[in-house]
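What the coordinates show
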Amino acid sequence: MLKRLSLLCAIVIAGCTSGKSNNPDSTAAASAGLTGAGSTFINPIMTHWASEYPKDGGISINYQSVGSGAGINNLIDHTVDFAGSDAPMNADELARAKAPVIHVPAVIGAVCVGYNVNGVSTGLKLSSQVIADIFLGKIQYWNDKAIASANAGVKLPHEKIFTAHRSDGSGTTAIFTDYLSKVSPEWKSKVGQGKTVSWPEGGLGGKGNAGVAEILKQHANSIGYVELAYAAQNNIAYASVQNAAGNFVAPSSESAAAAAEAFPMPDNMTAMITNTSAAQGYPITGFTWLITYKDGPKADAVKKFIAWATTKGQADCKALYYAPIPQSVAAAVAAQLGTSSAAK
Amino acid sequence: MTIAESSFRSTGRSRFRRSLSAFMAGLSIAAAIIACVALLSVLVYIVINGIGSISLSTFTEGPVPQGQPGGGLRNGIVGTLILMSIGSVIGLPIGILGGVYQLETNTTFSRTLRFFTDVLNSIPSIVMGLFAYLIVVLPVAAFSPGHAFSAFAGGVALGFLMIPTVMRTTEEILRLVPTTLRDASLALGASRWRTTWSVVLPAARGGIVTGVLLALARIAGETAPLLFTAFGNLDFNVRLDHPIDALPLNIFNYATSPYENLHHLALAGAIILLAIILILSLAARYALRGQTME
């Protein structure tokens, strides 16, 4: 009887040690990998980069889309090598980080206003005022006059509007609320801007862009904001939004790029680019930054990956509905990555 | 029920008792059937919806870039097996030895320990994850920046979750071993530890294995404590000091996403997780066939 028991023990122990003995073989391949976390906004292209970078001679990249807020916290705790965020770190976060960080703009993306209304396809025209009023709870029904007047010929149902938003700390929320704060004084005073806000209309919260996109797919008469790739890849209808110049513009790689052109890039690289003045620019647009420490044992490896992503990696932007960073910004990024590594 | 059915004189009082008894028996049967139906409908739903999603590539491929079709659960399957192994290495010796101690001694100290074991048993798994995050992940991060999430940290969280379950079941099973066995062994001149090791533990083996399986089944599906310890990994990893993927993490992330291929993978993952637990339990039964005492 004891023999059987010890046999079982031996099997268990053998199983465990054989797991450990695999270590030396894989050391060379895996030990130099980078870990990143944060923005779900950038996840479609980030997972693409993670699969392409090693093929181009780079090291392995493990990126987990936990949300911009969680990613920044991970960076502050030093549990990851870099964070992805669609909102720059705020003063409080910078103070907690203790060591100097760099923000590198990696791509430009559009936050689309997605909806699921039976019979209404992509291209519903929404003004900034209407979007603010819907999320403030002032417009309750899809066939409200404010929506219908801009959409002659579209048959809108008399159904209650169901709003969806992010439940986690989100850079996408930061871009969306930054835009609403610029276009609606009422929004600015009542709700404000941030990675998390208290939603006046209530509604349903989803985790990550993926969570909100899933809500939009599942719930009829819903409206919510997601990064464009999530809507486009999942056949979710999205609105054309009226920009500052008065034009209704659909979110796209091109209109996001046009929006960014209207803004100068400050030295710290942390421009918010919502409510653009460009005539063909989509107004709810933002940069996603890759954020990392200026110095550190793996700073060079991280910068090397970011340099690749902001040069060769940009080629894949359009297929995934992002816009590449403008030439002027790319030059500044190269200088930023070059100078900081030279200073080290 | 048997008392109610036995041949009392059919007075009004006994009729009332009998019908009350039948009524309560009916409620119990109904409850048991509802429980079985719930269990079966979960199994049937998962299997019917997910079986078509399982193919060879589910086992041989890792995740694909988001938005692309295909992909597999290789990283999660291997990761879950590794995490369960680490959890067992930490949880089983402590749990079983602790259970032996709690039964074989009966002091104020061991009674206090038992109370704390019961408290430990009721700690939510996410709190255990937070604990592992604080004692493993953050200290490692301070020592080696960017290198903090690891399979080991996940295994610690799971191992600690196993301890109270294993400890409590071990103790309960050992309690069933007849005192006469112990007395006989001691009377033959065996020492206390020899009695426990060679007589009591072998006699209770089947029950202990059942307890271990329950604990393993519990941790196999844990998601919350892995979110900020094992973290997940896009790459295939078997190193204990690197982030590692796990099936429950995959199921959680994929099921809430809007992508069709990921929905299929989530269902496939659920079936594979069930299968792992089933195979484990059958294997243990087979290894101990004919010797169970529960």
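Residues numbered from 1 in each chain as written. Chains lettered and ligands numbered in written order. Predicted model: local features only at pLDDT ≥ 70, side-chain atom pairs only at ≥ 80, totals over all residues. Heavy atoms only, no water.

In this complex, chain A contributes 46 residues to the contact, which on the side of chain B involves 38 residues. In total, about 3500 Å² of surface goes out of reach between chain A and chain B, with carbon and sulfur atoms giving 57% of it. The partner of Glu260 of chain B in a salt bridge is Lys217 of chain A, with the nearest N and O atoms 3.8 Å apart. Taken together, the links from chain A to chain B amount to 10 residue pairs in polar contact (both at pLDDT 80 or more). For the side of chain A that touches chain B, the elements supplying multiple residues, two or more each, are α1 (2-21), α2 (23-30), β1 (34-38), α3 (43-52), β2 (61-64), α10 (208-218) and α11 (228-233) of chain A. Of the residues forming the side of chain A that touches chain B, the biggest block, seven residues, is contributed by α1 of chain A. Tallied by class, the residues present in the side of chain A that touches chain B amount to 17 nonpolar, 21 polar and eight charged. (Contact = heavy atoms within 4.5 Å. Buried area = accessible area lost by both parts, 1.4 Å probe. Salt bridge = Lys/Arg side-chain N within 4 Å of Asp/Glu carboxyl O. Polar contact = N/O pair within 3.5 Å; in protein donor to acceptor, adjacent residues only side chain to side chain. Helix = DSSP H or I, 4+ residues; strand = E, 2+ residues; numbered from the N terminus. Nonpolar A, V, L, I, M, F, W, Y, C, P; charged D, E, K, R; others polar.)

Here we take up the pairing of β2 of chain A. All names here are of chain A. What you see with β2 is no split at all: Ile61 and Tyr63 on one side and Asn62 and Gln64 on the other are buried throughout. Two elements, β1 and β2, share four bridges in a ladder whose sense is parallel. Across the sheet, Ala37 pairs through a bridge with Gln64, a residue of β2. (Buried < 20%, exposed > 50% of the residue type's maximum accessible area, 1.4 Å probe, protein only. Pairing = 2+ DSSP bridges.)

Strand pairing in a sheet relies on backbone hydrogen bonds. The paired strands run either parallel or antiparallel. All names here are of chain A. With mixed pairing, the three strands of this open sheet are ordered in space as β5-β10-β11. A single partner strand is all that each edge strand has here, and the edge strands are β5 (125-126) and β11 (248-249). Inspection of the sheet shows β5 paired to strand β10 (residues 240-242) by two bridges, in the parallel sense. By the bridge assignment for β10, Lys125 is matched with Ser240.

Take the domain arrangement of chain A next. Residue and element names in this part refer to chain A. Under the domain assignment used here, chain A contains domain 1 (26-107 + 288-337) and domain 2 (110-261). In this complex, domain 1 contributes 21 residues to the contact, which on the side of domain 2 involves 25 residues. If you sort the residues of domain 1 by the area they bury against domain 2, Thr40, Phe41 and Tyr321 come out on top, with a joint share of 38%. On the surface where domain 1 and domain 2 come into contact, there are two salt bridges. Between Glu254 and Lys318 there is a salt bridge whose closest N-O contact spans 2.9 Å. Remark: the boundary between domain 1 and domain 2 carries 10 residue pairs in polar contact (both at pLDDT 80 or more). Among the elements of the structure, α3 and α4 (68-76) are those that each provide at least two residues to the side of domain 1 that touches domain 2. Residue composition of the side of domain 1 that touches domain 2, by class: 11 nonpolar, seven polar and three charged. (Domains from an automatic or database assignment.)

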